[in-house]
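Residue strings, one per chain:
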Amino acid sequence: MTQDQLKQAVAQAAVDHILPKLDAKSIVGWGTGSTANSFIYALAKHKMEFDGAVASSEATAARLKGHGIPVYELNTVSDLEFYVDGADESDERLNLIKGGGAALTREKIVAAVAKTFICIAGASKLVPVLGAFPLPVEVSPMARSHVARGRVKLGGDPGYREGVVTDNGNVILDVFNLQIVNPIELETRINAIVGVVTNGLFAARGADLLLLGTSEGVKSLTR
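Residues numbered from 1 in each chain as written. Predicted model: local features only at pLDDT ≥ 70, side-chain atom pairs only at ≥ 80, totals over all residues. Heavy atoms only, no water.

Student: How should the overall build of the protein chain be read in this particular structure?
Tutor: Scanning the protein chain for helices and strands turns up six helices and 13 strands. Its C-alpha atoms give the protein chain a radius of gyration of 17 Å, within 12% of the compact-globule value 17 Å for 223 residues. Taking the principal axes of its C-alpha atoms as reference, the protein chain extends roughly 50 × 40 × 30 Å. Out of the 223 residues in the protein chain, the part that is buried amounts to 51%. For the protein chain, the computed accessible surface area is about 10300 Å², with 51% contributed by carbon and sulfur atoms. In the protein chain, 22 side chains carry a positive charge and 24 a negative one; their mean positions are 3 Å apart. (Helix = DSSP H or I, 4+ residues; strand = E, 2+ residues; numbered from the N terminus. Rg over C-alpha atoms; globule rule 2.2 N^0.38 Å. Buried < 20%, exposed > 50% of the residue type's maximum accessible area, 1.4 Å probe, protein only. Areas by Shrake-Rupley, 256 points an atom, 1.4 Å probe, with all protein chains shown as cover. Lys, Arg positive; Asp, Glu negative; His and termini not counted. Charge placed at Lys NZ, Arg CZ, Asp CG, Glu CD.)

Laid out in structure tokens, this is it:
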């Protein structure tokens with residue numbers, strides 16, 4: 001199967017999982033990126049069977065509206081049953097690295113609100129130890145150098161992602177050469193650096209279900 005076919009397969013598996021649990025009042029949380037876009041296309045066919053969506057980025061909001069799906073501000077939503085998104089890496093405990101598309105802060109907020117976080121990804125995203133994919137850290141622009149120095153003390157090599165400004169008006173540092181053996185501890189320590197908005201480790205609130213596209217079909221892993 002091609003990468004596009006794998007994305008379509010896991011997106012459809014996510015639709016099959018959540019559709020029986022949706023009703024006319026349901027609002028679905030949507031992630032950002034190419035795999036999340038495949039989920040938009042798959043669930044949009046059933047848009048009359050749920051109320052609308054909360055988007056984790058301006059780009060996702062625009063795509064949802066383009067499919068005729070109402071988009072709500074999270075502050076106006078009292079209940080979010082599902083959040084569906086991709087990942088840059090996942091380990092077998094469903095700790096994730098996210099943020100390759102620079103939407104990590106809003107993704108983390110929506111994931112925190114949702115009752116169930118479903119991650120959809122290709123088999124190549126499953127790794128024994130997180131860190132081969134550089135860890136994104138969203139940073140207030142004035143604190144970029146300060147945060148980089150603080151990150152060096154925690155290990156890894158931070159680099160500035162030039163030309164990228166997040167939907168929140170911040171910048172991204174990507175930390176290379178990590179082996180993340182204790183994701184929750186590292187997530188907490190990075191977030192404690194003054195000037196950090198958040199980092200791309202989704203460990204304190206990891207995925208509840210991972211739908212993994214493989215050449216043998218879609219496999220499910222639970223936290």
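Here the narrative resumes, following the displayed structure.
Student: When you look at the sheet that holds strand β8 (residues 157–160) in this model, what are you seeing that I'm missing?
Tutor: Sheet strands pair by backbone hydrogen bonding; their relative direction is either parallel or antiparallel. With antiparallel pairing, four strands are arranged side by side in an open sheet as β8-β9-β7-β10. Bordering the open sheet on either side are β8 and β10 (196–199), each of which pairs with just one other strand. Pairs of neighbouring strands in the sheet enclose a mean axial angle of 30 degrees, with direction left out of account. In this sheet, β10 lies alongside strand β7 (residues 135–139) in antiparallel orientation, the contact comprising three bridges. Across the sheet, residue Val139 finds its bridge partner in β10, namely Val196. This element, helix α5 (residues 144–154), spans β7, β8, β9 (171–176) and β10 of the sheet and lies at about 20 degrees to β9. Of the strands in this sheet, β7 and β10 touch helix α6 (residues 183–191), which is tilted by about 165 degrees from β10. (Pairing = 2+ DSSP bridges. Axes fitted to C-alpha atoms, helices over the stretch in contact; angles between N-to-C directions. Contact = heavy atoms within 4.5 Å.)

Student: Looking at this structure, I do not really get the pattern of salt bridges. What am I missing?
Tutor: It is possible for side chains of opposite charge to pair when their charged atoms get near one another. Inspection of every chain in the model, using the stated rule, returns nine salt bridges. Residue Asp79 pairs with Lys115 through a salt bridge whose shortest N-O separation is 3.1 Å. Here Lys115 lies in the loop between α4 (104–113) and β6 (116–122) and Asp79 lies in the loop between α3 (58–66) and β3 (82–85), a separation of 36 residues in the sequence. Each of the salt bridges in this network shares a partner with another, and the network as a whole consists of Asp79, Glu81 and Lys115. (Salt bridge = Lys/Arg side-chain N within 4 Å of Asp/Glu carboxyl O.)

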